[in-house]
Amino acid sequence: AQSVTQLGSHVSVSEGALVLLRCNYSSSVPPYLFWYVQYPNQGLQLLLKYTSAATLVKGINGFEAEFKKSETSFHLTKPSAHMSDAAEYFCAVSDKGGSEKLVFGKGTKLTVNP
Amino acid sequence: DAGVTQSPTHLIKTRGQQVTLRCSPISGHKSVSWYQQVLGQGPQFIFQYYEKEERGRGNFPDRFSARQFPNYSSELNVNALLLGDSALYLCASSPDRVSPLHFGNGTRLTVT
């Protein structure tokens, strides 16, 4: 069975500081990995996806994530936080592709302080 | 282009009642998935439909059912509502079974 663990339910950074959101996964087959963002009272928006083409994946809004098989990790980073980045972030894994039975982590709420 | 639309946006029901949630996918998208997001948790997979057939089902009781119509819209039905069914129900669509999901804003269901 697949699973995702997001370390830290809440992360707080200052505007302009590095954002690092941690995600570790468990999968018996090569995984498809995703990061989604959820703003208050909205659905989820895809930030980026890993599908084995490249280990460093660039997404929207300046976010990127690196797939590390040896560490079973897929951490999300952004060099400089903006106030607009404040939201909840979800890591997800699938063993079948982009839309089949995603297994989500519990989420990390990012707060950006001025 | 219009995104995934869900109706209603909010709903209050009483224990034991039945509820139907509706979803219209992005035009051209043939796959629709349903997820339940309990407050403070990540979304949990309920169903996926592709070309009007059920392609996957999560670990939910038989009180949960869904269907997809010829125009690819979908309904999620929940019978005999329990307090624990209170959640944000998210619908997502994709053009096929492998492309990433596009989520709607959800239906907030409160069971009292």
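Just above, that's the structure.
Residues numbered from 1 in each chain as written. Chains lettered and ligands numbered in written order. Predicted model: local features only at pLDDT ≥ 70, side-chain atom pairs only at ≥ 80, totals over all residues. Heavy atoms only, no water.

Q: Even after reading the chapter, I still don't get the overall build of chain A, so can you show me in this structure?
A: If you tally the helices and strands in chain A, you get zero helices and 11 strands. Counting from the amino terminus, helix and strand elements in chain A follow one another as β-β-β-β-β-β-β-β-β-β-β. Radius of gyration (C-alpha) of chain A: 13 Å, near the 13 Å computed for a compact globule of 114 residues. Taken over the C-alpha atoms alone, chain A extends approximately 40 × 30 × 20 Å along its principal axes. Buried positions account for 44% of the 114 residues belonging to chain A. (Helix = DSSP H or I, 4+ residues; strand = E, 2+ residues; numbered from the N terminus. Rg over C-alpha atoms; globule rule 2.2 N^0.38 Å. Buried < 20%, exposed > 50% of the residue type's maximum accessible area, 1.4 Å probe, protein only.)

Q: Mind showing me how you'd approach the sheet that holds strand S3 (residues 19–26) of chain A here?
A: Across a sheet, paired strands are connected by hydrogen bonds in the backbone, their directions being either parallel or antiparallel. All names here are of chain A. Taken together, the five strands give an open sheet; going across it, the order is S1-S3-S8-S7-S6, and neighbouring strands pair in antiparallel fashion. Of all the strands in the sheet, just strand S1 (3–7) and strand S6 (56–58) have a single pairing partner and so form its edges. Adjacent strand axes in the sheet meet at a mean angle of 20°, parallel and antiparallel pairs treated alike. Note: S3 against strand S8 (residues 73–78), four bridges, orientation antiparallel. (Pairing = 2+ DSSP bridges. Axes fitted to C-alpha atoms, helices over the stretch in contact; angles between N-to-C directions.)

Q: Which parts of the structure should I look at to understand the layout of surface pockets?
A: Empty space left among the atoms is revealed by rolling a probe the size of a water molecule over them. Of the voids in this model, the largest pocket is the one considered here, and its volume is about 440 Å³. Considering the residues around the largest pocket, the lining is formed by 22 residues, among which Gln38(A), Glu88(A), Gln37(B), Leu39(B) and Gly40(B) are closest to the centre. When contributions to the lining of the largest pocket are tallied by element, the ones reaching two or more residues are strand S9 (87–94) and strand S11 (108–113) of chain A. Here the element with the most residues in the lining of the largest pocket is S9(A); it accounts for three residues. Split by residue class, the lining of the largest pocket holds nine nonpolar, nine polar and four charged. Looking at the second largest pocket, its volume works out to about 250 Å³. Leu102(A), Val103(A), Pro43(B), Gln44(B) and Phe45(B) are the residues nearest the centre of the second largest pocket, which is lined by 18 residues in total. Elements with a contribution of two residues or more to the lining of the second largest pocket: strand S10 (103–104) of chain A together with strand S4 (31–37) and strand S5 (44–50) of chain B. (1 Å grid on protein atoms, 1.4 Å probe; cavity = no way out; pocket = protein on both sides within 12 Å on 5 of 7 lines; lining within 4 Å. Points joined across faces, edges and corners; volume = space filled by probe spheres on them. Nonpolar A, V, L, I, M, F, W, Y, C, P; charged D, E, K, R; others polar.)

Q: Even after reading the chapter, I still don't get the packing of aromatic side chains, so can you show me in this structure?
A: For any pair of aromatic rings, the description rests on two quantities: the centre-to-centre distance and the angle between the ring planes. Scanning all chains against the criterion turns up 14 aromatic pairs over all chains. Relative to Phe45(B), the ring of Tyr35(B) has its centre 5.6 Å away and its plane inclined at 65°; by these criteria the two rings are edge-to-face. One end of the pair, Tyr35(B), is in strand S4; the other, Phe45(B), is in strand S5, and 10 residues separate them in sequence. Each member of the pair, Tyr35(B) as well as Phe45(B), is classed as buried. Three or more aromatic residues joined by ring pairs form one cluster here, namely Phe34(A), Tyr36(A), Phe90(A), Phe104(A), Tyr35(B), Phe45(B) and Phe103(B). (Phe/Tyr/Trp six-rings, centres within 6.5 Å; stacked < 30°, edge-to-face > 60°.)

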